[in-house]
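Coordinate analysis (summary)
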Amino acid sequence: MQSMELQNTVKEALNALYHHPDDAVRMQADRWLQDFQRTLDAWQVADNLLHDATSNLETLIFCSQTLRSKVQRDFEELPSEAFRQLRDSLNNLLKKFHKGPPIVRTQISIAVAALAVHVPAEDWGDGGIVNWLRDEMNSHPEYIPGFLELLTVLPEVLEAFASWLRLKHGIPGSVLATHPLVLTALSSLNSDILSEASVNVVSELIHYTALGSSGGVSVQMPLIQVIVPQVMSLQVQLRDSSKDEEDVKAIARLFADMGDSYVELIATGSNEAMMIVNALLEVASLPEYDIASMTFNFWHSLQVILTKRNSNIPFGDEASVEAERNRRLQVFRQSYESLVSLVSFRVQYPQDYQDLSYEDLKEFKQTRYAVADVLTDAASVLCGDATLQILYMKLVEAVSYCGNEQSEWRPAEAALFCIRAISNYVSVVEANVMPQVMDLLSKLPHQPQLLQTVCLIIGAYSKWLDAAPSGFSKLPLVIDILMGGMRTSEDSAAAAALAFRHICDDCRKKLCAYCKQLFHIYYTAVNGEGSFKGTAEDSLHLVEALSMVITELPPEPAKDALEELCSSVVAPLQEVINLGPEVLEKKHARELTVHIDRFAYIFRYVNHPGAVADAIHRLWPMFKVIFDLRAWDMRTMESLCRACKYAVRTSGRFMGITIGAMLEEIQGLYQQHHQPCFLYLSSEVIKIFGSDPSCASYLKNMIEALFKHTTCLLTSIKEFTTRPDIADDCFLLASRCIRYCPQLFIPSTVFPALVDCSMIGITVQHREASNSVLTFLSDIFDLAKSSKGEQFLSIRDSVIILRGATITRILVAALTGALPNSRLETVAYTLLALTRAYGMQAVGWAKESVSLIPLTAVKEVERSRFLQSLSDAAAGADVNVLMSPVEELSDVCRRNRTVQEIVQGALKPLELNLVPVS
């Protein structure tokens, strides 16, 4: 059939398809048109009709779709020399339809973009399709709307290719290196119009070449050798002030991608590698932080490779490896020195810092932390002392600004922030720079932000103050600065208090001779003799600081110092107590806990057991008054129990009769007020005194009283949900009893009751409470592992075997949806511990449980694999190996809400006395 006849037939078929009243005729026309689109003639006919001025809209739409699909799917039907003719025809059509119809113009644009996929970039002329398009737009500005449509769809082709690269691995680099789309994307990088899609493709190609699944760098080297020169040619554009910021960002991203992906190659320090490093330094120097910070990950990765001792350096013996490592460090030394200078300015407070919003201030702080990380990377390569030298020069320059008319403090603060960031890398005996830094600190103005950083840097170099030859001599100077910090602002007071704590920690032995002066500082700050601007939490650092120095004193002076420290805390509390019970009861909790918390810090950090025991003995009457009158107040009780916990932990068995009075007190109060903190204090007592025969009587009474009352509270899952803290602390205490005093706990009458209580609470949704219940059960099942517990196995078995089937059913329910998937590992361990303890009997319980689940929810093969894993556990197989079938059962039963409801409806985890249906 001749071309003209075919054209007429197409028109007739389209007319029938859209306008004939008979459905059968319309269907026949549709089939014919679909068959026609697959023929070789469709190329010419569609092209002719698109150029035909008499073609109606229906014909234009059909023919543009046909031509687009032919280019996309059947391009190989054409001879190679047909490309230019097809390109020119499509170009003419783009111009013809530049004003529309839009649907036709879009189809032609997609056809041109598809054509670019099939042919090499050079077939479009120098610079590929993007430059060809630029030239056409310059030559024919009147047709720009049509060309803009092409600019829209061309990136979509490339984006699709980028997405495909993310998914497709294992293609050799030599294949991709000559792929038309790769060449199109690379050639587009050097066009005047930088396409985001081209950048995305090249970025994906860079990542692709470094993936292990694609064969890695060595296999992909042909492609890398094509990519790197093209990206390197963009370096000059980083300095082009006329470039749009988004273009610069895109180029910087490619350099950062190369750095991250080829860091192992770059670490060899070859000439080619250093060209990439220099380009990355140029990116790091750009003023926009968002762009410069793209390189930060590279500097860290490179540092790790350069400094790790087991890096894969391909040299023989250890001496050769070390020599090569040192060579590499030397090669990159100058780069990291430059990096320090390039990034350090970025931590400087902005001029309008006081007007920053909360979000902007948060972002600025994150910038400072990120720069601090880069500086520590540099210090790892250069060594801390060399990095310090660079930053000190910036500090000296910055300090000169503090004395000018504007008194510019921000550069000095930035330099000090950077010096603080590398404190862990500077030698503690550094003798050249740090003495000068310390001397400069006292000459700086007391501007709040600057003073805060000054105080923080003093704390950061506390080990230097202790170890360096001139360090301790600087102490009076820095203490004066810290005192000023405590009086200036809340932030500087917090920094000063923390610094004081660090100094007392690291210089504690030397400071023993200066206790009187330290107490003076403490009184000035804490007791209101000075105008301490810090919070109550900040003052705890000062309490901790003095406590650590007291620890280093001999016993008698330590006892006296502890008594003096406690007296300063006792006075305000005793004053409140002396006002009578009514006043004490009405006080806001904060007015009491601010003082009680200081006792907790004293008892925690003064490591003189006898002295602390004497102190708690003297303080007990006051503590008892607060216990008796404020037992209803959770915040006060938590603070007081925390103080008692640390007293018990530090004093241990020096506590004597005080421990009995303490236990009697909390045992009685718990039954009235149900404070969870009474349980965790009891846990600490059990840990210290559980194995002491002399304490057995009152510990047994305490255990029975606390657990008996708790089991009366936790009688349903609703109560567990309402009182999760009590459940958590109760079962933590029970686990402690199993470990430290099974002889008191397991034979007691409360043991079976507590097991029953735990069965109620297994499926509580509160994470900590649930974990404590499951850990308690695991500890029971693992009793044979404990030398203390082995003798009580028969008592345990008499309790557990009666309840074994129910416990197993509830645990299987927890595995299959009664508890969140995040608890799977804990539940699985508990079930496997039960199976190890009771062998095939436990497997039988599990078989009963899973048989309750309908086969519509769980197939027989999944049941069998699960039960087999339990059988293997009973035979002693490794727990980790058994997790896969357990996870499979869990996943199957959670696959949708309907299945989960069926499974839970069958297992009924909240029913403790479920009778199996025979």
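Residues numbered from 1 in each chain as written. Predicted model: local features only at pLDDT ≥ 70, side-chain atom pairs only at ≥ 80, totals over all residues. Heavy atoms only, no water.

**Re the layout of surface pockets**
A volume near 530 Å³ is recorded for the largest pocket. Lining the largest pocket are 20 residues, with Lys365, Arg368, Tyr369, Phe417 and Gln452 sitting closest to its centre. Of all the secondary structure elements, the ones that give two or more residues to the lining of the largest pocket are α20 (358-382), α22 (410-421) and α24 (448-460). Among the elements that line the lining of the largest pocket, the one with the most residues is α20, at eight residues. In the lining of the largest pocket, the residues fall into ten nonpolar, four polar and six charged. (1 Å grid on protein atoms, 1.4 Å probe; cavity = no way out; pocket = protein on both sides within 12 Å on 5 of 7 lines; lining within 4 Å. Points joined across faces, edges and corners; volume = space filled by probe spheres on them. Helix = DSSP H or I, 4+ residues; strand = E, 2+ residues; numbered from the N terminus. Nonpolar A, V, L, I, M, F, W, Y, C, P; charged D, E, K, R; others polar.)

**Description of the pattern of salt bridges**
A complete count under the given rule lists 38 salt bridges for this structure. The partner of Asp505 in a salt bridge is Arg508, and the shortest N-O contact between them spans 2.8 Å. Measuring nitrogen to oxygen at the nearest pair gives 3.0 Å for the salt bridge that ties Asp797 to Arg796. A relative accessible area of 5% places Arg796 in the buried class. Linked through salt bridges whose partners overlap, the residues forming this network are Arg501, Asp505, Arg508, Lys509, Glu544 and Glu552. (Salt bridge = Lys/Arg side-chain N within 4 Å of Asp/Glu carboxyl O. Buried < 20%, exposed > 50% of the residue type's maximum accessible area, 1.4 Å probe, protein only.)

**A few points about the side chain of Arg346**
Relative to the assigned elements, Arg346 resides in the loop between α19 (318-344) and α20. There is no salt bridge for the buried Arg346, and the closest opposite charge comes from Glu288, which lies 7.1 Å off by N-O distance. A distance of 2.9 Å separates a polar atom in the side chain of Arg346 from the backbone oxygen of Ala284. Looking at Arg346, its side chain comes within polar contact range of the main-chain oxygen of Leu286, at 2.4 Å. Residues within four places of Arg346 in sequence aside, it is in contact with Ala284, Ser285, Leu286, Pro287, Glu288, Tyr289, Ala292, Phe364, Thr367 and Val371. (Lys, Arg positive; Asp, Glu negative; His and termini not counted. Polar contact = N/O pair within 3.5 Å; in protein donor to acceptor, adjacent residues only side chain to side chain. Contact = heavy atoms within 4.5 Å.)

**Let's talk about the nonpolar core**
Among the nonpolar cores identified, the biggest contains 265 residues, and Phe255, Phe599, Phe603 and Phe745 are the most heavily contacted of them. For this core, the element with the most residues is helix α45 (residues 824-851), which contributes 13 residues. Excluding its chain neighbours within four sequence positions, the residues that come into contact with Phe255 are Val231, Met232, Leu234, Gln235, Leu238, Ala279, Leu280 and Val283. (Core = buried A, V, L, I, M, F, W, Y, C linked by side-chain atoms within 4.5 Å.)

**Some words on the packing of helix α33 (residues 589-605) against helix α34 (residues 609-630)**
Two elements in contact, α33 and α34, have axes separated by 13 Å at closest approach and are oriented at 155°. The pairing of α33 with α34 is recorded here as roughly antiparallel in orientation. Relative to α34, the crossing made by α33 is left-handed. On the side of α33, the interface is formed by Ala589, Leu592, Ile596, Phe599 and Phe603, while α34 contributes Val612, Ala615, Ile616, Leu619, Met622, Phe623, Ile626 and Arg630. Looking at side-chain class alone, the contact of α33 with α34 contains twelve nonpolar, no polar and one charged residues. (Axes fitted to C-alpha atoms, helices over the stretch in contact; angles between N-to-C directions. Parallel < 35°, antiparallel > 145°, perpendicular 65-115°, else oblique. Left-handed = near helix turned anticlockwise from the far one by under 90°.)

**Re helix α14 (residues 245-261)**
Taking 1.5 Å per residue, 17 residues should reach 24 Å; α14 reaches 24 Å between its end C-alpha atoms and fits that length. Of all 17 residues making up α14, twelve are buried, and the element is well covered by its neighbours. Inspection of α14 places Asp247, Val248, Ala250, Ile251, Ala252, Leu254, Phe255, Ala256, Asp257, Met258, Gly259 and Ser261 among the buried residues, and these make up the whole buried set. (Expected span 1.5 Å × (residues − 1).)

**Section: unusual backbone geometry**
Although it is not a glycine, His674 adopts a positive phi angle of roughly 55°. Examined against the element boundaries, His674 turns out to sit in the loop between α36 (657-673) and α37 (676-689). Although it is not a glycine, Lys908 sits at a positive phi angle of roughly 45°. Inspection of the secondary structure puts Lys908 in the segment after α48 (897-907). Accessibility expressed as a relative area gives 32% for Lys908, which makes it partly exposed.

**A short note on a negative patch on the surface**
A surface patch of negative charge is lined by Asp244, Glu245, Glu246, Asp290, Asp352, Asp355, Glu359, Asp360 and Glu363. Contributing elements (two or more residues each) for the negative patch: α14 and α20. For the negative patch, the element with the highest residue contribution is α20, accounting for three residues. Summarising the element assignment, Glu363 is placed in helix α20. (Patch = residues over 30% accessible without salt bridge, like charges linked within 9 Å, V, L, I, M, F, W, Y side chains within 5 Å. Areas by Shrake-Rupley, 256 points an atom, 1.4 Å probe, with all protein chains shown as cover. Charge placed at Lys NZ, Arg CZ, Asp CG, Glu CD.)

**A word on the environment of Ala846**
Mapped onto the elements, Ala846 comes out in helix α45. Ala846 has contacts with Thr808, Leu867 and Leu870, leaving out every residue within four places of it along the chain.

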